Amino acid sequence: MKRPFVMFLMLFINLIFYLMLPFVCLGDFHVTFLHFNDVYEITPVSGGAEGGLARVSTLYKKLHKENPNTISVLGGDFFSPSAMGTAVYKGDSLAGKQMVDVLNAMGLQYATFGNHEFDIKESQFKSRMAEAEFAWISSNVFGSDGKPFSGVKESVILEFTDNDSEKTFKVGIFGITLPVNKPDYVEYADPMEIAAEQIAKLKDKCDFLIALTHQNINSDEKLLTLYEEIDLLLGGHEHVNYQRWRGGFTPLLKADANVRSVYVVDLRFNPDSGKTVIVPQLVPINDTIAEDPEVKTVVDKWTKIAFNSFLSQGLNPEEEITKTDEPLNGLESDVRTGTTNLTSLIAKSMLIPYPDADLSIYNSGSIRIDDVIPVGMVTVYDVIRIVPFGGKVLKAEIKGSLLKKVLDQGNTNYGSGGYLQYAKVLRSNRGGWIINDIPIDINKTYVISILDFLASGKEQNLEFLNPSAEGFKVIKDGKGKDIRKLIIDEMKSGLVQ
Ligand SMILES: [Zn+2]
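Residues numbered from 1 in each chain as written. Predicted model: local features only at pLDDT ≥ 70, side-chain atom pairs only at ≥ 80, totals over all residues. Heavy atoms only, no water.

A word on the overall build of the protein chain
Okay, so step 1: Each helix and strand in the protein chain was counted, giving 13 helices and 30 strands.
Okay, so step 2: Its C-alpha atoms give the protein chain a radius of gyration of 25 Å, within 12% of the compact-globule value 23 Å for 497 residues.
Okay, so step 3: Across the 497 residues that make up the protein chain, the buried fraction comes to 55%.
Okay, so step 4: Partitioning the contacts of the protein chain with sequence separation of at least 6, the portion at a separation of at least 24 is 73%. (Helix = DSSP H or I, 4+ residues; strand = E, 2+ residues; numbered from the N terminus. Rg over C-alpha atoms; globule rule 2.2 N^0.38 Å. Buried < 20%, exposed > 50% of the residue type's maximum accessible area, 1.4 Å probe, protein only. Contact = heavy atoms within 4.5 Å.)

What follows is the structure, encoded as structure tokens:
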């Protein structure tokens, strides 16, 4: 219900803006921002109907033609995770190499870090930073030595000059990332404290101040409320679009993940009055926009490299598995808060190798597709996108008391990757657990089919489930089955149709 209203509101704002255009002074500065965030796939998504960086590139070129003062910014999360990023090329996984190359081809200008930039190994991260031809703005992320990573600026000031009047318009941008993903090679400073520092440094040097952020919406709203010096917030991290306003004048904008949409922000500044008019427009990226052939060539190159890698792992990405007559829902907001037809299909597939298992169980965070596979043909590549990290399905024995603790914690992990998915498990109205139609017996030992990651002790808040946990034993009958191949088998059995 929210979206039609927002769309209507935006149309209304745009209409007012264009009606006002004749009254805008000729001496005004006009700057356009193209903003996007959380992009994992270089190709279109939703079965080709939405997204695709080659389409964004077409829009960017058009905007640039209309207004040479067009600036592109990316609000973080693009090195990882993706299906293509797991493909092996020249002895290492791509780990975002394909994404950086495509963003370079598009001519992206500025980016800030998202938490997923630090999913990859330090050596891979350093390579990606060296390959990136765009500039980085980050005020609160540092290397383990406490210094900014090479080539990263804590802020930038963009200066636009009117040749006739010699008047200038200065736009300051600082970058903030939520401090949640911390491998050894990364240090964070407190986002709010650093924002205060940056604002103090920049406010007298610029006419307009932008916070380019990657943090949750509540933190972004807090940032805007605390610091009225911020004139525009361009954000990321959420995968759905947001448009919120502080006092009706200062917008907080986020676009949809995987460039299902981008934000185009028109900014007019009057140097005499010092006043600015901001008009944001959420632009859907879909098949009505042609793909930029130059960028598409680069996208196709990496797609081919990745597909060859999957072929060498025994997975033919282009192989057609089955036709689905219902959309398969792998949206992160749904799989981390409940069950969908896709989460159930995966849980069921895990029972194939162990038909005697009392239940199957896995962490929802292993599903990374964040997309809906539309009605029609499902390919092996879709399965790689569903579980890009793969994983082995193991047979294990678990004491009822420990199983109950695991299931309870799974519920507590609502909204995160440790939210659990299962087959042959139900929650009764009174909150108890029903296993294979019988209430859980804490003294019984259950046979389960479990994904190796969940059994390893690496899942957040579920570390107590690990190979040395009392009452838990992985049965070493072979090395386990590849989850991707089991999903393919389950789909082939025709249960999807
Ligand atoms: Zn994020």
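With respect to the nonpolar core
Okay, so step 1: Core analysis: the biggest nonpolar cluster contains 85 residues, and Phe36, Leu53, Phe78, Leu103, Trp136, Phe149 and Val262 have the highest contact counts within it.
Okay, so step 2: Examining the composition of this core, we find that 8 residues originate from one element, helix H7 (residues 293–312), more than from any other.
Okay, so step 3: Composition of this core by domain shows at least three residues from each of domain 1 (23–293) and domain 2 (316–495).
Okay, so step 4: Setting aside chain neighbours within four positions, we find Trp136 in contact with Phe78, Phe79, Ala111, Thr112, Phe113, Glu117, Met129, Gly151, Val152 and Lys153.
Okay, so step 5: Grouped together as the second largest cluster of nonpolar side chains are 26 residues, Phe29, Ile210, Leu232 and Leu234 included. (Core = buried A, V, L, I, M, F, W, Y, C linked by side-chain atoms within 4.5 Å. Domains from an automatic or database assignment.)

What about the domain arrangement of the protein chain?
Okay, so step 1: Along its sequence, the protein chain is organised into domain 1 (23–293) and domain 2 (316–495).
Okay, so step 2: Across the boundary between the two partners, domain 1 contributes 13 residues, which contact 11 residues of domain 2.
Okay, so step 3: For the pair domain 1 and domain 2, the summed buried surface comes to about 970 Å²; carbon and sulfur atoms form 50% of the total.
Okay, so step 4: Its largest share of buried area at the contact with domain 2, domain 1 owes to Pro81, Ala83 and Thr86, together 37% of the area lost on that side.
Okay, so step 5: Inspection of the region where domain 1 meets domain 2 yields 4 residue pairs in polar contact (both at pLDDT 80 or more). (Buried area = accessible area lost by both parts, 1.4 Å probe. Polar contact = N/O pair within 3.5 Å; in protein donor to acceptor, adjacent residues only side chain to side chain.)

Here we look at the packing of aromatic side chains
Okay, so step 1: Per the stated rule, a full pass over the model turns up 25 aromatic pairs.
Okay, so step 2: Measuring from ring centre to ring centre gives 5.4 Å for Phe118 and Phe125, while their planes differ by 45°; the resulting arrangement is tilted. Each member of the pair, Phe118 together with Phe125, is buried.
Okay, so step 3: Members of the aromatic cluster, connected to one another through ring pairs, are Phe78, Phe79, Phe113, Phe118, Phe125, Phe134, Trp136, Phe149, Tyr185 and Tyr188.
Okay, so step 4: We note Lys405 situated over the ring of Phe464; from NZ or CZ to the ring centre the distance is 4.2 Å. (Phe/Tyr/Trp six-rings, centres within 6.5 Å; stacked < 30°, edge-to-face > 60°. Lys NZ or Arg CZ within 6 Å of the ring centre and 35° of its normal.)

Here we look at the sheet that holds strand S12 (residues 208–214)
Through backbone hydrogen bonds, the strands of a sheet pair up, either in parallel or in antiparallel fashion.
Okay, so step 1: Strand order across the open sheet formed by 6 strands is S9-S10-S12-S13-S15-S14, with mixed pairing between neighbours. Strands at the two margins of the open sheet, each flanked by one partner only, are strand S9 (155–161) and strand S14 (242–246). Going across the sheet, the axis of each strand differs from the next one's by a mean of 20°, ignoring polarity.
Okay, so step 2: The pairing of strand S10 (residues 168–177) with S12 spans 7 bridges and is classified as parallel. Following the sheet pairing, Phe174 is matched in S12 by Ala211.
Okay, so step 3: Of the strands in this sheet, S9, S10 and S12 are in contact with helix H5 (residues 191–202), which crosses S10 at around 165°.
Okay, so step 4: Running over the sheet, helix H6 (residues 217–226) touches S12, strand S13 (232–234), S14 and strand S15 (250–254) and is turned about 160° from S15. (Pairing = 2+ DSSP bridges. Axes fitted to C-alpha atoms, helices over the stretch in contact; angles between N-to-C directions.)

Section: the environment of Lys205
Okay, so step 1: Examined against the element boundaries, Lys205 turns out to sit in the loop between H5 and S12.
Okay, so step 2: Taking the C-alpha atoms as reference points, Lys205 and Asn67, separated by 138 residues in sequence, lie 24 Å from one another.

Here's the deal with the coordination of the zinc ion
Okay, so step 1: Around the zinc ion, the protein contributes the donor atoms Asp77 (OD), Asn115 (OD1), His214 (NE2) and His237 (ND1), which lie 2.1 to 2.2 Å from the metal centre.
Okay, so step 2: Here the zinc ion binds 4 donor atoms, and the angle range of 86 to 156° at the metal identifies the geometry as irregular.
Okay, so step 3: Each donor residue of the zinc ion belongs to the same chain, and together they define the spacing D-x37-N-x98-H-x22-H. Of the two residues, His214 is situated in strand S12 and His237 in the loop between S13 and S14; the sequence distance between them amounts to 23 residues. (Donors = N, O, S within 2.8 Å, 3.2 Å for Na, K, Ca; no water. Tetrahedral: all angles 85-135°; square planar, octahedral: opposite > 155°, others 65-115°.)

Some remarks on unusual backbone geometry
Okay, so step 1: Here the residue pair Ser80 and Pro81 is connected by a cis peptide bond, since its omega of -10° sits within 30 degrees of zero.
Okay, so step 2: For Asp38, which is not glycine, the phi dihedral falls at a positive 55°.

Brief notes about the pairing of strand S1 (residues 29–36)
On a regular strand, one side chain projects to one face of the sheet and the next to the other, so that they alternate.
Okay, so step 1: Burial within S1 is extensive, with 7 of its 8 residues counted as buried.
Okay, so step 2: In this sheet, strand S16 (residues 261–269) lies alongside S1 in antiparallel orientation, the contact comprising 7 bridges. Opposite Thr32, over in S16, you have Asp266 as the bridge partner.
Okay, so step 3: Strand direction decides the pairing type here: S1 and strand S2 (residues 70–74), joined by 5 bridges, are parallel. Its bridge partner lying in S2, Phe36 is registered against Leu74.

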